[in-house]
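# Remarks on the overall topology
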Amino acid sequence: MSFYDFSVKKRKGEELQLSTLKGKVVLVVNTATGCGFTPQYKGLEALYEKYRDKGFEILDFPCNQFGNQAPGGDEQIHAFCTLRYKTQFDQLKKVDVNGENEEPLFTFLKAAMPEEEVKGLKAKAAMKLVSKKSTSTQKPSDIKWNFTKFLVNREGEVVGRYNPTVEPEKIDGDIAALI
């Protein structure tokens, strides 16, 4: 299977065939509205504004598996993101990213890029802390917390996995290289 073989549910329930994103650079992110990393929405929106006209998309999947930090329904999450962070990219349906009910796209992404590199003492300490709090992390390749990011190139290949401590601004160069 490839990235383009998947379909996911949009916020309002309709299907999004990922094959419609062929030729685009895509950043897939599991998000939450009540997380210490939630301010990363600002950086995600900045990347979106900078690159959307050059073939860049963000797939934002709210996820409530980590500390119940994405409460509320899909419309509430969307309203929060657009009002608080002025996001123009849409949020998709809330999903699980680990475990028996995980969204199949995340199964694929984790298999394609099972490890996320953590650089720096501060980042390592933060990831160790959140990993201890995560009750859904069972396997080494599982997502450890909200705001884990996967970068997909124009050919549908997963070329990067970034842990939650990596701010969107630090991914800019990787995106620019693919655009």
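None of these values were measured; they are calculated from a predicted model. (Residues numbered from 1 in each chain as written. Predicted model: local features only at pLDDT ≥ 70, side-chain atom pairs only at ≥ 80, totals over all residues. Heavy atoms only, no water.)

### Considering the overall build of the protein chain
Summing up its helical and strand segments, the protein chain has five helices and six strands in all. Along the chain direction, N to C, the helices and strands of the protein chain fall in the order β-β-β-α-β-α-α-α-β-β-α. Across the 179 residues of the protein chain, 51% fall into the buried class. Partitioning the contacts of the protein chain with sequence separation of at least 6, the portion at a separation of at least 24 is 70%. In the structure as shown, the protein chain presents an accessible area of about 8700 Å², 51% of it carried by carbon and sulfur atoms. (Helix = DSSP H or I, 4+ residues; strand = E, 2+ residues; numbered from the N terminus. Buried < 20%, exposed > 50% of the residue type's maximum accessible area, 1.4 Å probe, protein only. Contact = heavy atoms within 4.5 Å. Areas by Shrake-Rupley, 256 points an atom, 1.4 Å probe, with all protein chains shown as cover.)

### Some points on the packing of aromatic side chains
Scanning the entire structure with this criterion turns up 11 aromatic pairs. Measuring from centroid to centroid gives 6.4 Å for tyrosine 41 and phenylalanine 89, while their planes differ by 20°, and the two rings are stacked. One end of the pair, tyrosine 41, is in helix H1 (residues 40-51); the other, phenylalanine 89, is in the loop between helix H2 (74-85) and helix H3 (104-112), with 48 residues separating them in the sequence. With centroids separated by 6.4 Å and ring planes inclined at 75°, the aromatic side chains of phenylalanine 106 and phenylalanine 150 adopt a geometry described as edge-to-face. Of this pair, phenylalanine 106 sits in helix H3 while phenylalanine 150 is found in strand E5 (residues 149-152), placing the two residues 44 residues apart along the sequence. Residue class for phenylalanine 106 comes out buried when judged on its relative accessible area of 0%. The exposure class of phenylalanine 150 is buried, given its relative accessible area of 0%. Taken together, the ring pairs in this structure connect Tyr41, Tyr48, Phe80, Tyr85, Phe89 and Phe147 into an aromatic cluster. (Phe/Tyr/Trp six-rings, centres within 6.5 Å; stacked < 30°, edge-to-face > 60°.)

### Brief notes about the nonpolar core
Ranked by internal contacts, the top residues of the largest apolar core, which has 49 residues, are Phe3, Leu59 and Leu109. When residues of this core are traced back to their parent elements, those giving at least two are strand E3 (25-31), H1, strand E4 (56-62), H2, H3, E5 and strand E6 (158-162). Filtering out sequence-adjacent residues up to four positions away, leucine 59 remains in contact with Phe3, Leu16, Leu18, Leu21, Val26, Leu27, Val28, Val29 and Leu92. (Core = buried A, V, L, I, M, F, W, Y, C linked by side-chain atoms within 4.5 Å.)

### Looking at the pairing of E5
Neither face of E5 is left uncovered, since the one carrying Lys149 and Leu151 and the one carrying Phe150 and Val152 both have all their residues buried. The pairing of E3 with E5 spans four bridges and is classified as antiparallel. For valine 28, the partnering residue across the bridge sits in E5 and is phenylalanine 150. Across four bridges, E5 lies against E6 in antiparallel orientation. What sits directly across from lysine 149, in E6, is tyrosine 162. (Pairing = 2+ DSSP bridges.)

### Some thoughts on the pattern of salt bridges
Taken as a whole and judged by the stated rule, the model has eight salt bridges. Residue arginine 11 pairs with glutamate 75 through a salt bridge whose shortest N-O separation is 2.8 Å. Of the two residues, arginine 11 sits in the loop between strand E1 (7-9) and strand E2 (15-17) while glutamate 75 sits in helix H2, which places them 64 residues apart along the sequence. On the accessibility criterion, glutamate 75 (42% relative accessible area) is partly exposed. With its nearest N and O atoms 3.0 Å apart, the salt bridge here joins lysine 50 to aspartate 172. In this pair, lysine 50 sits in helix H1 while aspartate 172 sits in helix H5 (residues 172-178), placing the two residues 122 residues apart along the sequence. (Salt bridge = Lys/Arg side-chain N within 4 Å of Asp/Glu carboxyl O.)

### Some thoughts on the sheet that holds E3
In spatial order, the strands read E4-E3-E5-E6; together these four strands make up an open sheet with mixed pairing. Among the strands making up the open sheet, the edge pair consists of E4 and E6. When the angles between neighbouring strand axes are averaged without regard to direction, this sheet yields 15°. Along the sheet, H1 makes contact with E3, E4 and E5, crossing E4 at roughly 155°. (Axes fitted to C-alpha atoms, helices over the stretch in contact; angles between N-to-C directions.)

### Considerations on the side chain of threonine 148
Within the secondary structure, threonine 148 is located in the loop between helix H4 (121-133) and E5. On the basis of relative accessible area, threonine 148 is assigned to the buried category, the value being 0%. Within the structure, threonine 148 has its side chain in polar contact with the backbone oxygen of tryptophan 145 (distance 3.1 Å). (Polar contact = N/O pair within 3.5 Å; in protein donor to acceptor, adjacent residues only side chain to side chain.)

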